[in-house]
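# Remarks on the overall topology
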Amino acid sequence: MTKDKASRRILRFLAKTKARLRMAALPDHILLESAECGSISARHSLLRTMQQAGLIALQGDIVALTPLGRERMRATARQRATAPSSGGTLAGRDLENVVVETDGETRLVAFNHAESPLGQLYRRKGTDGKPFLSVEEFAAGERLRSDFTRGNLMPRLGANWETSAAGRNRTSGNGTVELTDAAMAARLRVEKALNAVGPELSGVLIDICCFLKGLETVERERRWPARSAKLLLKAALGALDRHYRPQGSQSKPGRGGIVQWGAADYRPSVRV
């Protein structure tokens with residue numbers, strides 16, 4: 001993504017709402033998080049440049065759009081409206097409405113597949129023409145990422161903007177001292193989910209769903225064979241989906257579970 005496109009993306013996000021700064025997994029990156037609009041990742045250096053240009057303002061760990069930033073966004077929108085259409089997606093986005101469950105509530109949100117390795121894999125199709133990941137597997141991965149973000153589980157990195165991003169949790173070392181009840185509950189849900197998946201598959205879930213690492217990056221870091229990460233990820237997402245949706249709730253109509261074992265000539269007794 002070019003610098004101009006990244007700047008426009010930040011301006012569009014902040015035009016909707018103020019955002020709180022959170023730690024990101026990638027070096028020189030930080031998360032802009034909003035309860036209404038989700039979160040996006042941006043470079044520290046780009047945020048500093050935009051702040052120096054007067055486009056955004058930082059107060060504590062809250063970043064907001066300035067009047068100059070709003071005017072810059074409107075001017076850019078006018079230019080794009082009068083420019084000839086290139087036939088591409090709007091601002092390089094690949095949007096789709098998806099159902100995500102967070103805090104026990106099911107919501108319909110706009111998801112940008114271009115920003116998520118899991119979203120890109122979800123759009124791929126196998127040799128049989130069917131999607132590689134099912135809707136349930138994709139939703140399970142997004143549910144884990146949502147809890148991971150809400151639980152403030154991103155590792156801390158050293159850079160200027162991180163002082164504001166660390167904010168209230170600096171003395172706790174990203175621990176549990178100053179966490180809200182919602183963050184604690186999210187951490188517990190993540191712990192239960194990863195324990196249910198098991199140590200063999202939980203690592204690939206964290207890398208791809210939570211840290212947003214690409215498949216090739218995971219294979220290189222873990223020294224796995226080529227094209228093996230997506231197979232392990234699919235197995236992990238299947239186990240994660242079974243944790244979120246126990247088999248008893250997934251049974252087909254008219255097909256109940258096993259009630260009792262019996263021999264071929266077994267007849268149940270009838271009580272009157």
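For clarity, every value in this text was computed on a predicted model and none was experimentally measured.

All right, on to the packing of helix α8 (residues 199-210) against helix α10 (residues 229-244) then. Their axes nearest at 9 Å, the elements α8 and α10 cross at an angle of 100°. Classified by the angle between their axes, α8 and α10 sit roughly perpendicular to one another. Every residue of α10 that contacts α8 at Leu201, Val204, Leu205, Ile208 and Cys209 is listed here: Ala229, Leu232, Leu233, Ala235, Ala236, Leu237 and Leu240. Split by residue class, the contact of α8 with α10 holds twelve nonpolar, no polar and no charged.

It is worth spelling out the packing of aromatic side chains at this point. Applying the stated criterion across every chain yields a total of two aromatic pairs. Ring geometry for tyrosine 122 against phenylalanine 138: centres 4.3 Å apart, planes inclined by 10°, an arrangement best described as stacked. Residue tyrosine 122 is located in helix α4 (residues 117-123), and its partner phenylalanine 138 is located in helix α5 (residues 135-150); the two are separated by 16 residues in the primary sequence. Ring plane angle 85° and centroid distance 5.6 Å describe the contact between phenylalanine 148 and phenylalanine 211, whose orientation is recorded as edge-to-face. Pair noted here: phenylalanine 148 is in helix α5 and phenylalanine 211 is in the loop between α8 and α9 (215-222), with a separation of 63 residues, a long-range link.

Structurally, histidine 243 is set in helix α10. For histidine 243, a relative accessible area of 29% puts it in the partly exposed group. Histidine 243 has contacts with Lys192, Ala193 and Ala196, leaving out every residue within four places of it along the chain.

What follows deals with the nonpolar core. Leu144, Leu205, Leu233, Leu237 and Leu240 are the most contacted members of the largest nonpolar core, which has 29 residues in total. Elements that contribute at least two residues to this core include exactly α4, α5, α7 (181-197), α8, α9 and α10. A per-element tally of this core places α10 first, with seven residues. Aside from chain neighbours lying at most four places away, what touches leucine 237 is Leu118, Leu133, Glu137, Ala140, Gly141, Leu205 and Cys209. Counting 19 residues, the second-largest nonpolar core is a separate cluster that includes Leu14, Ile30, Ala42 and Leu55.

Okay, α5 next. The terminal C-alpha atoms of α5, which comprises 16 residues, lie 22 Å apart, in line with the 22 Å expected from a rise of 1.5 Å per residue. Residues Glu137, Phe138, Ala140, Gly141, Glu142, Arg143, Leu144, Ser146, Asp147, Phe148 and Thr149 constitute the buried set of α5. Downstream of α5 by one or two residues, asparagine 152 has phi in the positive range, about 55°.

Summarising the sheet, strand β4 (residues 56-59) and strand β5 (residues 62-65) pair through four bridges and their orientation is antiparallel. Directly across from leucine 58, in β5, lies its bridge partner valine 63. The hairpin formed by β4 and β5 contains two residues between the paired strands, and glycine 60 there has a positive phi angle of roughly 65°.

It is worth spelling out unusual backbone geometry at this point. One non-glycine residue with positive phi stands out, namely leucine 212, at about 60°. Turning to its location among the elements, leucine 212 is positioned in the loop between α8 and α9. Taking relative accessible area as the criterion, leucine 212 reaches 35% and is therefore assigned partly exposed. One non-glycine residue, arginine 227, lies in positive phi territory at about 65°. Structurally, arginine 227 is set in the loop between α9 and α10. With relative accessibility at 63%, the residue arginine 227 sits in the exposed group.

With respect to the helices, strands and loops of the structure, glutamate 219 is situated in helix α9. One buried charge, glutamate 219, has no salt-bridge partner; the nearest side chain with opposite charge is arginine 227, at 7.4 Å. Other than its neighbours up to four places away in sequence, glutamate 219 contacts Trp224, Pro225, Ala226, Arg227, Ser228 and Ala229.

Across the protein chain, the average pLDDT comes to 75, with 70% of residues at 70 or higher. Across the protein chain, α10 holds the top mean pLDDT of 94, while helix α6 (residues 162-166) sits lowest at 46.

A separate point is the side chain of serine 202. Its location among the elements puts serine 202 in helix α8. Overall, the relative accessible area of 13% leaves serine 202 in the buried class. Excluding residues within four positions of it along the chain, serine 202 makes contact with Leu194 and Val197.

Another point: the sheet that holds strand β3 (residues 38-43). Across a sheet, strands are paired by hydrogen bonds formed along the backbone, either parallel or antiparallel in direction. With antiparallel pairing, the five strands of this open sheet are ordered in space as β3-β2-β1-β5-β4. Each end of this open sheet is capped by a strand with a single partner; those strands are β3 and β4. Geometrically, the sheet is characterised by an average inter-axis angle of 35° between neighbouring strands, direction not taken into account.

Quick notes on the rules
Residues numbered from 1 in each chain as written. Predicted model: local features only at pLDDT ≥ 70, side-chain atom pairs only at ≥ 80, totals over all residues. Heavy atoms only, no water. Axes fitted to C-alpha atoms, helices over the stretch in contact; angles between N-to-C directions. Helix = DSSP H or I, 4+ residues; strand = E, 2+ residues; numbered from the N terminus. Parallel < 35°, antiparallel > 145°, perpendicular 65-115°, else oblique. Contact = heavy atoms within 4.5 Å. Nonpolar A, V, L, I, M, F, W, Y, C, P; charged D, E, K, R; others polar. Phe/Tyr/Trp six-rings, centres within 6.5 Å; stacked < 30°, edge-to-face > 60°. Buried < 20%, exposed > 50% of the residue type's maximum accessible area, 1.4 Å probe, protein only. Core = buried A, V, L, I, M, F, W, Y, C linked by side-chain atoms within 4.5 Å. Expected span 1.5 Å × (residues − 1). Pairing = 2+ DSSP bridges. Lys, Arg positive; Asp, Glu negative; His and termini not counted. Salt bridge = Lys/Arg side-chain N within 4 Å of Asp/Glu carboxyl O. pLDDT = per-residue confidence, 0-100.

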